[in-house]
Amino acid sequence: MPAPSPAPQQGGDTEQVEALHDLVLRSLDDDQAQEVVSIPLSGKSSIADHMVIASGRSTRQVASMAQKLTERIKRELGRNVRIEGLPIADWVLIDAEDVIVHLFRPEVRSFYNLERMWAFEESAAAPAAG
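In this text the structure is predicted, and so the values were computed from the model without any measurement.

Caption draft 1: How the structure looks around the overall build of the protein chain. Helix and strand content of the protein chain: five helices and five strands. Listing each helix as α and each strand as β along the protein chain from the N terminus yields α-β-β-α-β-β-β-α-α-α. Expressed as a percentage of the 130 residues in the protein chain, the buried residues total 39%. The long-range fraction of contacts in the protein chain, counting pairs at least 24 apart against all pairs at least 6 apart in sequence, stands at 54%.

Caption draft 2: Examining the nonpolar core more closely. Core analysis: the largest hydrophobic core is formed by 22 residues, its most contacted members being Val24, Leu28, Ile73, Ile94, Val101 and Leu103. Elements supplying a minimum of two residues to this core: α1 (14-30), β2 (50-55), α2 (59-77), β4 (91-95) and β5 (99-104). Per-element accounting of this core gives the leading share, seven residues, to α2. Beyond its immediate stretch of four places on either side in the chain, Val101 contacts Val24, Leu28, Val52, Leu69, Val92, Leu93 and Ile94. Ranked by size, the runner-up nonpolar core spans nine residues in total, among them Ile39, Ile53, Phe104 and Leu114.

Caption draft 3: Molecular detail of the packing of aromatic side chains. Counted according to the given criterion, the structure contains three aromatic pairs. Three or more aromatic residues joined by ring pairs make a cluster, and in this case those are Trp91, Phe104, Phe111 and Tyr112.

Caption draft 4: View of the sheet that holds β2. Pairing is mixed across the open sheet formed by five strands, whose spatial order is β1-β2-β5-β4-β3. Edge positions in the sheet fall to β1 (34-40) and β3 (82-84), since each of these pairs with one other strand and no more. Taking each pair of neighbouring strands and ignoring which way they run, the sheet shows an average axis angle of 15 degrees. Pairing geometry for β2 and β5, over six bridges, is parallel. Bridge pairing in β5 places Ile53 opposite His102. The strands touched by α1 are β1, β2 and β5; relative to β2, the strand with the most contacts, the crossing angle is about 5 degrees.

Thresholds, definitions, all that
Residues numbered from 1 in each chain as written. Predicted model: local features only at pLDDT ≥ 70, side-chain atom pairs only at ≥ 80, totals over all residues. Heavy atoms only, no water. Helix = DSSP H or I, 4+ residues; strand = E, 2+ residues; numbered from the N terminus. Buried < 20%, exposed > 50% of the residue type's maximum accessible area, 1.4 Å probe, protein only. Contact = heavy atoms within 4.5 Å. Core = buried A, V, L, I, M, F, W, Y, C linked by side-chain atoms within 4.5 Å. Phe/Tyr/Trp six-rings, centres within 6.5 Å; stacked < 30°, edge-to-face > 60°. Pairing = 2+ DSSP bridges. Axes fitted to C-alpha atoms, helices over the stretch in contact; angles between N-to-C directions.

Structure (structure tokens):
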């Protein structure tokens, strides 16, 4: 595996975006996140290339996953991220520019149902493809 470049480039270089996306998924797996879903946003939105949605069993686990993920991104990729919702930890948003991560308690996740909103075009097109 090639080493990441020392100076991050602006504009979301494809290799760096994928390295960030892989790091997010690895970190959530290591922290035993539940029901991890990754939604590609390229061509759907200019806010990011990927949106990752996952659940934690409790507010404590959600907060811990968020803190560990932000630390790993900074340590391994040298990126600073913005984080919202950490004090309550029902829904924590981590904005790493190219990848946006939503961490929820299960009840809050089912209420907002972000997967349905962002994957709407895919699910509507899926029956027509068969």
